[in-house]
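# Structural features, examined
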Amino acid sequence: MTSVEGATLRALTGIPELLLHGPVPYRGGIPVRIPVAHVRPEHRSATVRRGSVDAIAARLRYSDPRLLRATRPEHPVARAVFEQLEQFRVEALAPPGLPGVAANLRRCFADWSEAVRAGGHLETARGLLLYTVAVICHARVTGEPIPEEVEDLIEQPRAALAPALGEQLARLRRSRGDQAVYAGHAREIAETLARMLGDPGEPERAPDSAGALLVLGAESEVEHPGMRGGKPETGGETAPYRVFTTAHDRQQHATELVRAAQLREYRERLDRLVAGQGIAIGPLARKLHALLAEPRVEGWLGGQEEGYVDGRALSQLICAPADHRVFRVERTEPVPDVLVTFLLDCSGSMKRHIESVAVLVDVFARALDRAGAACEVLGFSTGGFHGGRARRDWLRAGSPPDPGRLAERRHLVFKEARTPWRRGRSGIAALFREDLYREGIDGEAVRWAAERAEEQSWQRQVLVLVSDGAPMERATELANGAGYLERHLRAQLTALERAGREVLGLGLGLDLGRTLRRHRELDTESLSGQRMVAEVLAALAR
C-alpha cells in the first residue's frame, strides 16, 4: 500500500496508530487481517486495493470483534459465510457523503465475483450455491443491484434457496445498524447453508468449488492488539522456534520451474524494462567498485628510492652509484572481494512489485559482475498455501499443540554467486513467474542465505533483504500464536548483526526500522528505476 492509502485508512477509522507494512495494516504491532475472500489488500490493481483499504476501515470502525467472536458459528463453512455477511454489513454503513468509498467497495466485491466466475469455481452445484448466497446477500444488505450476467447465472439456485433463507434474508438489511440483531439472522443463514451443503470437512479439501475463495481465511480472526492468528498474545516467554516436518521442503533453481520458451519471453520483457529505465551500467559499476573495493597486496613495485632492498637491483649501484632506486614496496590495488546477496521475499503481495524488483536486481547483478564483485540472487516462498502437505501431516498426527512451522518451505535460486551475469541472466528473468509467489517464512530464508555466503571464500559479505511486509504463513501463525515467524526473523537478523555480518533491508513501501538497523524504504510506484538504483547505492555506502 502507498502512504496515501495508509493516511486514508487512519482517517476513515480514526485510529492514529494504524501503520502499513507492505499491503497489510498493523495496529500495535499486530497485523489487521479480515478473514473474507474479497478483502485482499495485496491486490495489484490500485482501484481494487483501495477498495480493500476501505473495507478494512469499515470493519475496524463498525464491527465489535468481541461480539463477532461470541456469535459466529463453529462449523468452518458456516463461519466463513457468517464472516462474509458481517463484512457486507459494515460496508453498507459507509458514510453517504463519501461516494468514492462506496465505489471502491463495489469494485472490490465485483473483482472477487469476476475471479470466481473466471476461475471455474461455479462448475459444481456446491460452488454455485455458495456463490449465489454471497451475491444475493451482498445485494440485499448493501442495496447494490446484481449484474444482469450474474442474474442469469444464479436464477436456478436462487429459486431453490428462497424457501429456506427467504425470511432471514429479508431481515438482514433492516437490522444492519445493530450488529447483535444482525448476527442472529446471519448465523441462521450461515448454518442453514452449511447443512444444505453437508459437512465438507477441512475447507482446503473442497477446491472444486467457490468455497476455495469463500472460505479463504475462515480460521482467522479480525486481528486486534493482543490477538493474532486465533491465539492470544500473552506477552510471556515464547517457545523456541521449531519445524514440524521438513519432508516437503525444497531448494530449487528457478530456471527448472519455467519452460525454456517462457523463460526467453521473460528475459525479453526484462531487457525491455531495463532499457526503458535508461540506467547506465558502466558508471554504476565504477561507483560500486569504488564503494566496495578494499586495498589488497598484488605483488611488488620496484625502482623506488625507499622501502625494502631489491636484491635484483643492487648491481646498478656499481654502474650508477648516484642512482638510489634500488628499493621496492608492496603494490596494492583496490579489489572488491565481496559477495552481495539479494534475498527476495516471494510472498503473494510481492507480485505487484515484480517488475521493479526484477529491474533493480538485474541491473545490480550486471554492474557488480562488471565491477569484479560477486552477486547471488535468492528467493523464498512456500510450496503451497495454508500449510499445504505439512499442515495435512500435522492434522493426521492429531494436531499436537505448538507444532512450529507448518508449511512446505521453498527456497529459490535465481542466480548463483559464481555464475557470471551473462550466464545467469535467464534465472533472474524467472522472477516474472507469478505462481512462485505464495507465503513467506523469512527467518529460515535469512539463515539459509547467510550459510550459503559463509560456505564461500569472499572476504566481505553483504546480505540485502528485499521485502514488503512481515513474515506470514497462515497455518503456522494460527497454530503457534502471535508473531511467531516475525520473532524468529528478528532473532536471526540480530544474530547476524551481532556476528558482524552486514545486513541491509530494502522495504518496498515499508519501513524496516523495527527489524534492521540498516534499512531503506523504496516506493516502487513513484520512484524511477534510476532513482531506486541511487537509493540502494546510498544504502550500501552507509
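Residues numbered from 1 in each chain as written. Predicted model: local features only at pLDDT ≥ 70, side-chain atom pairs only at ≥ 80, totals over all residues. Heavy atoms only, no water.

Within a regular strand, the side chains alternate between the two sheet faces. Extensive coverage of strand E13 (residues 460–467) is indicated by the burial of 8 of its 8 residues. Where burial is concerned, the two faces of E13 agree: the one with Arg460, Val462, Val464 and Val466 and the one with Gln461, Leu463, Leu465 and Ser467 are both buried. For E13 and strand E14 (residues 502–508), the ladder comprises 6 bridges, and the chain directions are parallel. The residue bridging Val462 from the neighbouring strand is Glu502, located in E14. (Buried < 20%, exposed > 50% of the residue type's maximum accessible area, 1.4 Å probe, protein only. Helix = DSSP H or I, 4+ residues; strand = E, 2+ residues; numbered from the N terminus. Pairing = 2+ DSSP bridges.)

Ranked by size, the top nonpolar core spans 56 residues in total, and within it Leu288, Phe342, Phe414 and Val466 carry the most contacts. The element best represented in this core is helix H13 (residues 354–371), accounting for 12 residues. If near-sequence neighbours (up to four positions away) are discounted, Phe414 is found in contact with Ala254, Cys346, Val377, Leu378, Gly379, Gly424, Gly427, Ile428, Ala430, Leu431 and Leu436. Among the nonpolar cores identified, the runner-up in size contains 39 residues, and Leu161, Leu172, Ile189 and Ala194 belong to it. (Core = buried A, V, L, I, M, F, W, Y, C linked by side-chain atoms within 4.5 Å. Contact = heavy atoms within 4.5 Å.)

Turning to the environment of Ala470, a few remarks are in order. Of note, Ala470 is situated in the loop between E13 and helix H17 (474–480). For Ala470 and Gly483, which are 13 residues apart along the polypeptide, the C-alpha to C-alpha distance reads 9.1 Å.

Attention now moves to empty space enclosed by the protein. Under the definition given, this model contains 4 cavities of 30 Å³ or more. Approximately 110 Å³ is the volume found for the largest cavity. Along its surface, the largest cavity is lined by 14 residues, and Gly469, Ala470, Leu510, Leu512 and Thr515 are the ones closest to its centre. Across the lining of the largest cavity, the residue classes tally to 6 nonpolar, 4 polar and 4 charged. As for the second largest cavity, its lining consists of Leu12, Asp54, Ala57, Ala58, Arg61, Tyr62, Ala94, Pro95, Val101 and Leu105. Contributions of two or more residues to the lining of the second largest cavity are made by helix H2 (46–62) and helix H5 (99–118). Looking at the lining of the second largest cavity residue by residue, the class counts come to 8 nonpolar, no polar and 2 charged. (1 Å grid on protein atoms, 1.4 Å probe; cavity = no way out; pocket = protein on both sides within 12 Å on 5 of 7 lines; lining within 4 Å. Points joined across faces, edges and corners; volume = space filled by probe spheres on them. Nonpolar A, V, L, I, M, F, W, Y, C, P; charged D, E, K, R; others polar.)

What follows concerns the environment of Leu527. With respect to the helices and strands, Leu527 occurs in the loop between strand E15 (519–522) and helix H19 (529–541). The residues contacting Leu527, other than those within four sequence positions of it, are Leu522, Met532 and Glu535.

Counted according to the given criterion, the structure contains 30 salt bridges. With its nearest N and O atoms 2.4 Å apart, the salt bridge here joins Glu83 to Arg59. Separated by 24 residues along the polypeptide, Glu83 in helix H4 (residues 76–92) and Arg59 in helix H2 bring together distant segments of the chain. In this structure, the salt-bridge partner of Arg452 is Glu376, at a minimum N-O distance of 2.8 Å. Here Glu376 lies in strand E11 (residues 374–382) and Arg452 lies in helix H16 (residues 442–454), a separation of 76 residues in the sequence. Here Arg452 and Glu376 have matching classes, each one buried. (Salt bridge = Lys/Arg side-chain N within 4 Å of Asp/Glu carboxyl O.)

As a packed pair, helix H11 (residues 281–292) and H13 sit with axes 8 Å apart at the nearest point and diverge in direction by 65 degrees. The interaxial crossing formed by H11 with H13 has right-handed handedness. When H11 is examined against H13, the residues Ile281, Gly282, Leu284, Ala285, Leu288, His289 and Leu292 are found in contact with a partner set consisting of Val363, Phe364, Arg366, Ala367, Leu368, Arg370 and Ala371. Here the residues of the contact of H11 with H13 sort into 10 nonpolar, 2 polar and 2 charged. (Axes fitted to C-alpha atoms, helices over the stretch in contact; angles between N-to-C directions. Left-handed = near helix turned anticlockwise from the far one by under 90°.)

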